[in-house]
Amino acid sequence: MRTDDDQTGPDAGEASPGGDDAPERLACPECGRTVADRWRCECGAPLNFADPPIPDRPAPDAEAGESLPAGDGLWAFAAFLAVGDDPADRVTLGEGMTPLVDADGPRGESDGSRGDTGPDGAEWNAEFKLEYVFPTGSFKDRGATTTLTRARELGVDRVVEDSSGNAGAAIATYAARAGIDAAVYVPADVKESKLRAIRRAGADPVRIEGGRSDVTDACVAALGGGGKGDAGSEDGEGDAGEGGGGPGAAAWYASHAWNPAFFEGTATVAYEIAAQRGWEAPDAVVTPLGHGTLFLGAYRGFRRLERAGWIDSVPRLFGAQAAGVAPIVRELHGPEAAHPDGRVNAAADGIQIAEPVRKGEILDAVAETDGDALAVTESAAERELDRLHRAGFYTEPTCAVAPAALRALRERGTLAADDDVVVPLTGSGLKG
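Sequence positions are assigned chain by chain, starting from 1 and proceeding in written order. Local features in a predicted model are, by the rule used here, given only for residues with pLDDT of at least 70; side-chain atom pairs are given and counted only at 80 or more, and totals for whole chains, interfaces and linings are based on all residues. Hydrogen atoms and water are omitted, and side-chain values are computed over all heavy atoms in the structure.

Enquirer: So what exactly am I meant to see when it comes to the overall build of the protein here?
Expert: Scanning the protein from terminus to terminus reveals 12 helices and 13 strands. Think of it in three bands: with a 1.4 Å probe and only protein chains considered, a residue is buried below 20% of the maximum accessible area for its type, exposed above 50%, and partly exposed in between. Looking at the protein as a whole, 57% of its 432 residues are labelled buried. For the protein, restricting intrachain contacts to residue pairs at least 6 apart in sequence, the fraction spanning at least 24 positions comes to 72%. Where accessible areas are quoted, they stem from the Shrake-Rupley method and a 1.4 Å probe; at the residue level, only the protein chains shown are allowed to cover. Total accessible area computed for the protein in this model is approximately 16,500 Å², and 45% of it derives from carbon and sulfur atoms. The helix and strand labels rest on DSSP assignments: H or I over at least four residues marks a helix, E over at least two residues marks a strand, and numbering proceeds from the N terminus. Here a residue-residue contact requires only that any non-hydrogen atoms of the pair lie within 4.5 Å.

Structure (structure tokens):
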């Protein structure tokens, strides 16, 4: 399966020229069809950008006094982004450039050195990327800023999203910033703190009974025309209605799983990690893994950096799934590995995705980076969450699966004690 970074067309490897009024086109990695805009291909596959830009210049050289634009946050990497060519279209709250810190840190010895272990024996020997300091308290703001920017470029009047909480809060907040109406479809049992964030941003929360797939189905039905519309085919025919995204549509699908603009934003986590490390990629990155929003974003970002010559190699990528709802682990290692203790990891509600939209792309990324996926039990996640809080990292439960997975990978010998690892901490404990 090809991703949006496997392009070989005439514009591949070149940044889009500034001031181009036409939003970037989308392409299907399965059938090859291209469209101006659409939430998925007619063949049913998720779409990607046809020609994602790659800057044709070296990485900034700090020793030569070169640096990224100060104060631009993740938009400092606009040369890598397929949206926001015109800065006036960018829907931003100053997000990005989240801290990258030593996970273990000083332990308070008089000479400033660290002890052998942290609280409760928590020696991670890694760097943590503090994604929970974003405006809405989660990494989903990365995708929200680029998705609403794409919506503004297309002239969208109303967006819809389906989410277990964090993505919905992010889309609602950035839609408010853009002045675009929004409705967010959520499970009926969503946490009140996340529901409150959606309401406070002026979006309409729509509670749906049933499973996560029922929420998605209800959201897609709200697109109009069965969600099958198109905003222009390869030859320029078609209209902007029926879910395609233009003014004639009932709504535009600002999905964190389907919409390629969301992954443009999450790819910036890779650009930031590389920049903060002097353009040296780590040996490995470990992320939570549900729909693969951050996992695939990191993969795409590191691949583009490698293609641009800004880093030498792509790190190994490891995904941490919720035990009992771990389809990638099941595919790679069988049902026992996916459900190791016979219980569902209920604490990691943010990644309980039984059928990830981009499953094939996730499996490809695992294989191509010599990575893996593993299921984290609720007890392991709860122990890790306690360690995180005691070490000063006030995160929500779902994000604890990634450092818990790192611990397991070290114990198994998959990652060596001296391997250089980055773990994004994805959501704030303030969300409840």
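Having seen the model, we can carry on.
Enquirer: Hey, could you run me through the environment of Ile353 in this one?
Expert: Among the structural elements, Ile353 can be located in the loop between helix H9 (335–338) and helix H10 (359–368). Overall, the relative accessible area of 9% leaves Ile353 in the buried class. In this structure the C-alpha to C-alpha distance between Ile353 and His291, which are 62 residues apart in sequence, comes to 6.3 Å. With residues up to four places along the chain from it excluded, the contact list for Ile353 reads Arg212, Gly290, His291, Val325 and Pro327.

Enquirer: Looking at this structure, how should I read the packing of helix H2 (residues 166–178) against helix H3 (residues 192–200)?
Expert: When two helices pack together, their arrangement is given by the angle between the helix axes and the distance between those axes. Here the axes come from fitting lines to C-alpha atoms, over the contacting stretch only for helices, and the angles between their N-to-C directions go from 0 to 180 degrees. The contact between H2 and H3 brings their axes to 8 Å, and the two run at 15°. Between H2 and H3, the interaxial angle falls into the category roughly parallel. The interaxial crossing formed by H2 with H3 has left-handed handedness. In this structure, H2 contributes Asn166, Gly168, Ala169 and Ala172 to the contact, and H3 contributes Lys194, Ala197 and Ile198. Under this grouping Gly is polar, as are all residues other than the nonpolar Ala, Val, Leu, Ile, Met, Phe, Trp, Tyr, Cys and Pro and the charged Asp, Glu, Lys and Arg. Counted by class, the contact of H2 with H3 contains four nonpolar, two polar and one charged residues. For classification purposes, angles smaller than 35 degrees are called roughly parallel, those larger than 145 roughly antiparallel, those between 65 and 115 roughly perpendicular, and all remaining angles oblique. Handedness of a crossing follows from how the near helix is turned relative to the far one, being left-handed for an anticlockwise turn of less than a right angle and right-handed for a clockwise one.

Enquirer: Is there a simple way to explain the confidence of the model for the protein in this structure?
Expert: Low-confidence regions, as indicated by low pLDDT, have predicted coordinates that should not be scrutinised in detail. Summary of the metric used: pLDDT quantifies the predictor's per-residue confidence within the range 0 to 100. Per-residue pLDDT for the protein has a mean of 88; in total, 85% of the residues score no lower than 70. Here residues 108–116 is modelled with pLDDT under 50, and outside its nearest four sequence neighbours on either side it reaches 13 contacts, counting other chains as well. Segment residues 226–243: pLDDT under 50, and 53 contacts once partners within four positions in sequence are set aside and those in other chains are kept.

Enquirer: When you look at the sheet that holds strand S11 (residues 316–322) in this model, what are you seeing that I'm missing?
Expert: Two strands in a sheet stick together by hydrogen bonds in their backbones, pointing the same way (parallel) or opposite ways (antiparallel). Strand order in the open sheet made by the six strands is S4-S5-S13-S10-S11-S12, with mixed pairing throughout. Here the strands that pair on one side only, and so sit at the sheet edges, are strand S4 (100–102) and strand S12 (372–376). Neighbour-to-neighbour, the strand axes of this sheet turn through a mean angle of 25°, independent of strand direction. Two strands form a pair only when DSSP identifies at least two bridges running between them. Here strand S5 (residues 127–130) runs beside strand S13 (residues 421–425); their pairing, made up of four bridges, is parallel. Of the residues in S13, the one forming a bridge with Phe128 is Val423.

Enquirer: What is the right way to look at the sheet that holds strand S1 (residues 26–27) in this model?
Expert: The strand order across the open sheet formed by three strands is S2-S1-S3, and the pairing between neighbours is antiparallel. Pairing within the sheet leaves two strands with one partner each, and these edge strands are strand S2 (34–35) and strand S3 (48–49). Pairing of S1 with S3 involves two bridges; the strand directions are antiparallel. If you follow Leu26 over to S3, its bridge partner there is Phe49.

Enquirer: I keep staring at unusual backbone geometry and nothing clicks. Help me out?
Expert: Peptide bonds are, in most cases, trans, and in most cases residues other than glycine have a negative phi. In this structure, Met97 is a non-glycine residue whose phi angle is positive, near 50°. With respect to the helices and strands, Met97 occurs in the loop between S3 and S4. Non-glycine residue Asn125 carries a positive phi angle of around 50°. Inspection of the secondary structure assignment puts Asn125 in the loop between S4 and S5.

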